[in-house]
Amino acid sequence: MASLEDKPMVLTSHVDELNAYPQIFVPVIKKYFRIVWWADFENDQERYANEIQGILVNGGLPKITSELLDTLPNLKIVSTLGVGTDHLDLQLLKSRGIKVSSVPDVSSDCVADWGMTLLVAAARKLPEAMKSATDTATPFNYNILGKKITGSTLGIVGLGRIGYRIAERALGFKMRVLYNDITRRPEKEAALSLEYYSSLDKLLPNSDFIITVVPLTPQTHGMMGREQFKLMKKSAIFINIARAPVVQQDELVEALQSRTIQAAVLDVTSPEPLPPHHPLLHMPNVIITPHMGANSLESRRGVVEAGCESCTAAIQGKAIPREVVL
């Protein structure tokens, strides 16, 4: 095993049990690298700048700017510890000849588990039920009536890795599964008896539950808005585990307030967290969770390991696992 002095140096954000790396994952990074935390770098750039060869981006931090790149002459890779790259300026990195990697495959099962968990929680009114059973100021209610899942129809918007795994889980509930994607996937359709809808507008009115699992791109930005909510059943439950800007959030608020749809479940919001008086925080037909789809111990550890492996490969001049082609 290489000594500490022999290990390459990487820059990353900070340790924070709420918003960044929990302490439990720091030894994983130290197995590969000498770590420069962002606060230390800001305080003494000259000490570290020439030695930093990689950046591990966690939760969008540190922010990659041209000014930062100017200070790091030997930087070889930016490795983001997540699926999406919408927080990175890929053209900027390409113009500097800096490699990029992401972690698109490690947490797919975990996120799919969470998507189905949220669907069940909303369908069976889990928050209301928990409050009734545990809040002594709330009447104990035997008659909280939820929505039956077995035999209902799930519309999946985006049949990538996560969307397909959600479909697998939905079949365990004997759901009919529809999907919309820019690319039709006949092999996956056949494997799970899925139904393809080339038109999102036709999928929405035929679904009891709609779950968005698309990447954030110019084409998907704001794709769920007022007109889409009007197309859904009044009894529909809408679930977003993709990126917050996929949904026009103010128009979702309108749809919920007017009962255009029954309920919404959001693992992502804009901003995160929402301000205290935001209407979404005070609606009985809304469940919000803190962007935690990938948050199992096993998944998060795997993500950090994978990011470190990609970063190491780039520094060593080897083929980069999970490289983002620029």
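Look up: the structure comes first, before these words.
Rules of the game
Residues numbered from 1 in each chain as written. Predicted model: local features only at pLDDT ≥ 70, side-chain atom pairs only at ≥ 80, totals over all residues. Heavy atoms only, no water. Axes fitted to C-alpha atoms, helices over the stretch in contact; angles between N-to-C directions. Helix = DSSP H or I, 4+ residues; strand = E, 2+ residues; numbered from the N terminus. Parallel < 35°, antiparallel > 145°, perpendicular 65-115°, else oblique. Left-handed = near helix turned anticlockwise from the far one by under 90°. Contact = heavy atoms within 4.5 Å. Pairing = 2+ DSSP bridges. Phe/Tyr/Trp six-rings, centres within 6.5 Å; stacked < 30°, edge-to-face > 60°. Buried < 20%, exposed > 50% of the residue type's maximum accessible area, 1.4 Å probe, protein only. Lys NZ or Arg CZ within 6 Å of the ring centre and 35° of its normal. Core = buried A, V, L, I, M, F, W, Y, C linked by side-chain atoms within 4.5 Å. Disulfide = S-S within 2.5 Å.

Topic: the packing of helix α6 (residues 108-123) against helix α8 (residues 161-172)
In contact at an axis separation of 8 Å, α6 and α8 are set at 50° when each is read in the N-to-C sense. The angle between α6 and α8 falls in the class oblique. As for the relative orientation of α6 and α8, their crossing is right-handed in sense. On α8, the residues that touch Ser 108, Asp 109, Val 111, Ala 112, Asp 113 and Met 116 of α6 are Arg 161, Ile 162, Arg 165, Ile 166, Arg 169 and Ala 170.

A few points about unusual backbone geometry
When glycine is set aside, most residues are seen to have a negative phi, and most peptide bonds are trans. Pro 62 follows Leu 61 through a cis peptide bond whose omega is -5°. Take Pro 62: it is sitting in the loop between β3 (52-57) and α4 (66-70). Note that the residue after Ser 270, namely Pro 271, is joined by a cis bond; omega there is 0°. Turning to its location among the elements, Pro 271 is positioned in the loop between β11 (263-266) and β12 (286-288). At Ser 193, a position not held by glycine, the phi torsion is positive, near 60°.

Topic: the sheet that holds strand β4 (residues 77-80)
Pairing is parallel in the open sheet, where five strands are placed in the order β2-β1-β3-β4-β5. If you trace the sheet from one side to the other, it starts and ends with β2 (34-37) and β5 (99-101), each paired once. Mean inter-strand twist for the sheet, computed between neighbouring axes without regard to direction, equals 25°. On top of the sheet, helix α13 (residues 297-315) reaches β1 (9-12), β3, β4 and β5; it is set at about 155° to β3, its chief contact.

Section: the packing of aromatic side chains
In the structure shown here, the tally under the stated rule is six aromatic pairs. Seen from their ring centres, Trp 38 and Phe 41 are 5.5 Å apart, and the 40° between their planes marks the pair as tilted. With Trp 38 and Phe 41 both in helix α2 (residues 38-43), this residue pair falls three residues apart, about one helical turn. Relative to Tyr 142, the ring of Phe 140 has its centre 5.2 Å away and its plane inclined at 65°; by these criteria the two rings are edge-to-face. What makes Phe 140 exposed here is its relative accessible area of 54%. Above the face of the Phe 209 ring, Lys 147 is positioned so that its terminal group lies 5.7 Å from the ring centre.

As for the nonpolar core
The nonpolar side chains of a soluble globular protein tend to be buried with one another. Ranked by size, the top nonpolar core spans 32 residues in total, and within it Leu 154, Ile 156, Ile 166 and Ile 241 carry the most contacts. Of all the secondary-structure elements, those providing two or more residues to this core are α6, β6 (153-157), α8, β7 (176-180), β9 (209-212), β10 (237-240) and β11. No other element matches α6, which puts nine residues into this core. Beyond its immediate sequence surroundings of up to four residues, Ile 156 is in contact with Gly 163, Ile 166, Ala 167, Val 177, Leu 178, Tyr 179, Asn 180, Leu 203, Ile 211 and Val 213. Membership of the second largest hydrophobic core comes to 28 residues, among which are Leu 178, Leu 200, Phe 229 and Leu 256.

Quick look at the state of the cysteines
As enumerated under the stated definition, the model contains zero disulfides in all. Cysteine Cys 110 shares no disulfide, and the gap to the nearest cysteine sulfur, in Cys 308, comes to 18 Å. As a non-bridged cysteine, Cys 308 has Cys 311 as the owner of its nearest cysteine sulfur, 7.1 Å distant. Cys 308 sits in the buried class, given a relative accessible area of 0%.

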